[in-house]
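# Residue-level structural notes
Chain residues, written in single-letter form:
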Amino acid sequence: MRHVIALDVGGTGMKAALVGAGGELLHRARRATGRERGPDAVVDGILDFAAELRAYGTEHLGAPAAAAGVAVPGIVDEDRGIAAYAANLGWRDVPLRTLLAERLGDVPVALGHDVRTGGLAEGRVGAGRGTDRFLFVALGTGIAGAIGIDGRVEAGAHGFAGEIGHVVVRPDGTPCPCGQRGCLERYASAAAVSEAWSAATGNPAADAADCAKAVEAEDPKAREIWQRAVDPLADGLVTALTLLDPRTLIIGGGLAEAGETLFTPLREAVRSRVTFQKLPTIVPAALGDTAGCLGAGLLAWDLLDTTDGTEATS
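Bear in mind the structure is a predicted one, so any value in this text is a computation, not a measurement.

The next subject is the overall build of the chain. Scanning the chain from N- to C-terminus turns up 9 helices and 13 strands. Against the globule reference of 20 Å for 314 residues, the chain gives a C-alpha radius of gyration of 20 Å, in line with a compact fold. Taken along the three principal axes of its C-alpha coordinates, the chain extends 60 × 45 × 35 Å. Classification of the 314 residues of the chain by burial places 52% in the buried group. Taking as baseline every contact in the chain between residues at least 6 positions apart, the subset at least 24 positions apart corresponds to 61%. Of the roughly 14100 Å² that the chain leaves accessible, carbon and sulfur atoms contribute 50%. Of the charged side chains in the chain, 29 are positive and 40 negative; the average position of the first set lies 3 Å away from that of the second.

Here you go:
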C-alpha cells in the first residue's frame, strides 16, 4: 500500500505515523526525543526512528514509504530544508531534509515548523475543514500560530509568519526572552497561567489546568487570574484578525483543553473589541496531539503531488 512517513518532533517526545493517501493512519509509534544526550544524538534518533518506520512499511505494507514529512520545533527554513534554530533541542542550521533523504533512500522529504504543520492539519482535515481562510493559534508553553490560505499555510518570507505570541499587547510590560516587553505569550500562554496560579496558591506544582478547575468552581482568585489571560489574548487575536480577516479562528494547545471555561469568555472578549472587523467563527482545535503527525503526512503527500523528488532532495 502506498504511504508516507509522518514524524512530529517535540522537545521531549516524537510522534510518528505511516499515512495512507486518504489520510488514514496505517501505523503509529512514539519514542523519546532524547535531548538530554545532546543535539547530535537527537538528530541520530530521528534518523534511526525514520529508518525503522521505513522498514515497518516495507515489511507490513508491501513497499517502503514514497516520501516523508517532518515537523520540528523552532525556526525552520522550509525552502532549504534546514532546522535553523530550536532552543529546546540545541539546534542551529541542521540540514535535516538532506540527512533524512539520504537515510531513507533518496525519497522526497518535506520539513515544516511544528505549529504551522499542526495548523495545516487542523485547517484542512480538522476544525477548519472546508474553510478558505483560517488562523490557528496554539496556546502552549508559548504561543504560535498558522495562517491558512486555500488549503496551505503561509510560512512568510523568512519563516516567521504566524508568530502571534510575540505581538506586543502590553507595551512596557513583562520582559520576554525574545527581547521585547509585553508579548502576548507572557500573559496568555498555558505557561503564563500556570506561573500565575502557582504563585497565587503557593503550590509549585499547580498549573493552568488546576486554575481552570478552580475557575469552574467559582474561585474568585482563579477567575481574576483567568481573566488576566483572556483579556490580552483577545487583544492579540483582534490585532490578528484585523490584519488577516480569517473566516475561522481555531484555538488549540494546552490552555484550550479547558473547553468552554476558555471559549465562552474569550468569544465575548473578542466580540466586545471588534468594531469594523468581521467576527470570525472561534472554535476549538479538533485533532489533539495527532495534528502534528497528520500535518507532516499532508506535507509529504503535497510534495509527491508537486515534485518528482529531485527538488526535495537536492
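Here we take up the pattern of salt bridges. All chains considered together, the criterion is met by 18 salt bridges. The salt bridge partner of E224 is K221, with a shortest N-O separation of 3.9 Å. On the criterion of helical spacing, the pair formed by E224 and K221 is a turn pair, its members being 3 residues apart in helix α7 (residues 220-244). Connected via shared salt-bridge partners are R170, D231, D235 and R273.

Consider a sheet: its strands pair through backbone hydrogen bonds, and that pairing is either parallel or antiparallel. Strand order in the open sheet formed by 5 strands is β11-β10-β9-β12-β13, with mixed pairing between adjacent strands. The sheet terminates laterally at β11 (152-154) and β13 (281-284), the two strands that pair on one side only. Pairwise comparison of adjacent strand axes, ignoring direction, gives a mean angle of 30° for this sheet. Where strand β12 (residues 248-252) and β13 come together, 4 bridges link them in parallel fashion. Along β13, the bridge assignment pairs I250 with V283. Relative to the sheet, helix α8 (residues 260-273) contacts β9 (133-139), β12 and β13, its axis offset from that of β13 by approximately 160°.

Below, the discussion takes up the nonpolar core. Residues V137, W226, L237, I251, L262 and V270 are the most contacted members of the largest nonpolar core, which totals 43 residues. For this core, the element with the highest residue contribution is α7, accounting for 11 residues. Residues contacting L262, with those up to four places away along its chain left out, are L139, W226, V230, L233, I251, L255 and A256. Membership of the second largest hydrophobic core comes to 31 residues, among which are V9, A16, V42 and V109.

Looking now at the confidence of the model for the chain. With 97% of its residues at a pLDDT of 70 or more, the chain has an overall mean of 93. Scored below 50 in pLDDT, residues 308-314 makes 11 contacts in the model with residues more than four places away or belonging to other chains.

Turning our attention to the packing of helix α3 (residues 114-125) against helix α9 (residues 291-306). At a minimum axis separation of 7 Å, α3 and α9 run at an interaxial angle of 85°. The angle between α3 and α9 places the two elements in the roughly perpendicular class. For the pair α3 and α9, contact is made by T117, G118, L120, A121, E122 and R124 and by A291, G292, L294, G295, A296, L298, L299 and D302, respectively.

Our focus in this paragraph is the packing of helix α5 (residues 190-201) against helix α6 (residues 208-216). One can describe the packing of α5 onto α6 by two numbers: an axis separation of 8 Å at closest approach and a directional angle of 70°. Taken together, the axes of α5 and α6 are roughly perpendicular relative to one another. The interaxial crossing formed by α5 with α6 has left-handed handedness. For the pair formed by α5 and α6, the contact residues are A190, V193, S194 and W197 on the first element and A208, D210, C211 and A214 on the second.

All of the buried residues in α6 are A208, C211, A212, A214 and V215. Mapping the buried residues of α6 onto a view down its axis gives an arc of 160°, with all of them on the same face. Turning to α6, the residues buried within the fold contact α5, α7 and α8. Where α6 begins, one side-chain oxygen reaches toward the backbone nitrogen of A209, 3.2 Å away; that side chain belongs to D207. E218 sits one or two positions beyond α6 and adopts a positive phi of about 65°.

So, how was this worked out
Residues numbered from 1 in each chain as written. Predicted model: local features only at pLDDT ≥ 70, side-chain atom pairs only at ≥ 80, totals over all residues. Heavy atoms only, no water. Helix = DSSP H or I, 4+ residues; strand = E, 2+ residues; numbered from the N terminus. Rg over C-alpha atoms; globule rule 2.2 N^0.38 Å. Buried < 20%, exposed > 50% of the residue type's maximum accessible area, 1.4 Å probe, protein only. Contact = heavy atoms within 4.5 Å. Areas by Shrake-Rupley, 256 points an atom, 1.4 Å probe, with all protein chains shown as cover. Lys, Arg positive; Asp, Glu negative; His and termini not counted. Charge placed at Lys NZ, Arg CZ, Asp CG, Glu CD. Salt bridge = Lys/Arg side-chain N within 4 Å of Asp/Glu carboxyl O. Pairing = 2+ DSSP bridges. Axes fitted to C-alpha atoms, helices over the stretch in contact; angles between N-to-C directions. Core = buried A, V, L, I, M, F, W, Y, C linked by side-chain atoms within 4.5 Å. pLDDT = per-residue confidence, 0-100. Parallel < 35°, antiparallel > 145°, perpendicular 65-115°, else oblique. Left-handed = near helix turned anticlockwise from the far one by under 90°. Arc of directions from axis to C-beta. Polar contact = N/O pair within 3.5 Å; in protein donor to acceptor, adjacent residues only side chain to side chain.

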